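# Report on the structure
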Amino acid sequence: MGVIKIKGLVIKEVPYNDSDKMLTLITEEHGKISVLARNAKKSGRSSYGTQVLTYGEYVIFKGRTSYIMNNCDVLKNFYNLAADLTRFAHAAHMLDMAEDAAQDNTSSKEILNLLIHGLVALQKGRTPLLVSSAFALKLMQITGYPPHVKSCASCNTGDIEQIFFSFKYNGFICKNCAKQDSEAVRVDIGTAKGIMYVLCAQNGRVFNFELSDEVLKTFSGIAFKYISQHLDKSYKKLDILNEL
Ligand SMILES: [Zn+2]
């Protein structure tokens, strides 16, 4: 069985057997994969590159039940995010969402790219809530679920004076249609612009904008509810921040 070389980010590590670790990687070409790292629970050379938040080039081969790591080169790591609980919680939330969204190989290269740019934005000190919520929205677009923002997602009118966001129709709806949608959220112009900006931006620019605290509250509320609904999951990694 041949050996392959892949680039990927470690999004999860769990203890396996006495001394091994099972890693989950999001890779450029092979989607989300499990890789067994032998002796990686020990510190030293055999654990190199097996930590969550490592981006590296991994040499792996196919074993009976999973891939097995042969060796790796660390290209970049984001370990220093762990020094700040808020940043780390948002990074963990992003890894969770990426893991759930990466269901096939088709979008894994884009998801990996988005993750790396998002983690870089966190490292650069951008507002963590802005980074993780913009990430959630862009992730939905990449995996085929962009919210409809060009007209009313229900009646299709382009003449929307007051914008609402509908989780039933997956996008902006007009005031009239919002009367029949009790869960629709009123969207201020700042939030609407933020949503459209993220959908249009590429690479690191996805995270390169500012919102006031008030607008960010609405923006992140919509982005997180939207992704939770599509991936059918309630995410818990940010809960720890409410307990502080
Ligand atoms: Zn309408």
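This write-up is about the structure you can find in this document. (Residues numbered from 1 in each chain as written. Predicted model: local features only at pLDDT ≥ 70, side-chain atom pairs only at ≥ 80, totals over all residues.)

Its 15 residues give helix H3 (residues 128-142) an end-to-end C-alpha distance of 21 Å, which sits within 8% of 21 Å, the value for a rise of 1.5 Å per residue. Across the 15 residues that make up H3, a large majority, 13, are buried. Looking one or two places after H3, you find Gly 144, whose phi comes out positive at around 100°. (Helix = DSSP H or I, 4+ residues; strand = E, 2+ residues; numbered from the N terminus. Expected span 1.5 Å × (residues − 1). Buried ≥ 20, exposed ≤ 12 C-beta atoms within 10 Å, placed from the backbone.)

Take the pairing of strand E4 (residues 54-62) next. Taken residue by residue, a regular strand's side chains alternate between the two faces of the sheet. Pairing of strand E1 (residues 3-16) with E4 involves seven bridges; the strand directions are antiparallel. Bridge pairing in E4 places Lys 7 opposite Glu 57. Pairing analysis gives nine bridges linking E4 to strand E5 (residues 67-77), with the strands arranged antiparallel. Residue Lys 62 lies in a different strand from E5, and its bridge partner there is Tyr 67. Taking the residues that link successive antiparallel strands as the turn, the E4-E5 hairpin has four residues. (Pairing = 2+ DSSP bridges.)

Among the nonpolar cores identified, the biggest contains 67 residues, and Ala 98 and Leu 139 are the most heavily contacted of them. A total of nine residues in this core trace back to one element, the largest contributor, which is H3. Residue contributions to this core reach at least three from each of two domains, namely domain 1 (3-77) and domain 2 (81-242). Apart from the residues within four sequence positions on either side, Ala 98 is in contact with Ile 11, Ile 26, Ile 111, Leu 115 and Leu 139. (Core = buried A, V, L, I, M, F, W, Y, C linked by C-beta atoms within 7 Å. Domains from an automatic or database assignment. Contact = placed C-beta atoms within 7 Å.)

Relative to the 27 Å expected for 19 residues at 1.5 Å per residue, helix H6 (residues 213-231) spans 27 Å between its end C-alpha atoms, a close match to the ideal helical length. Of all the residues in H6, the buried ones are Thr 218, Phe 219, Ser 220, Ile 222, Ala 223, Phe 224, Tyr 226, Ile 227 and Leu 231. In the stretch just after H6, Asp 232 is the one whose phi turns positive, near 55°.

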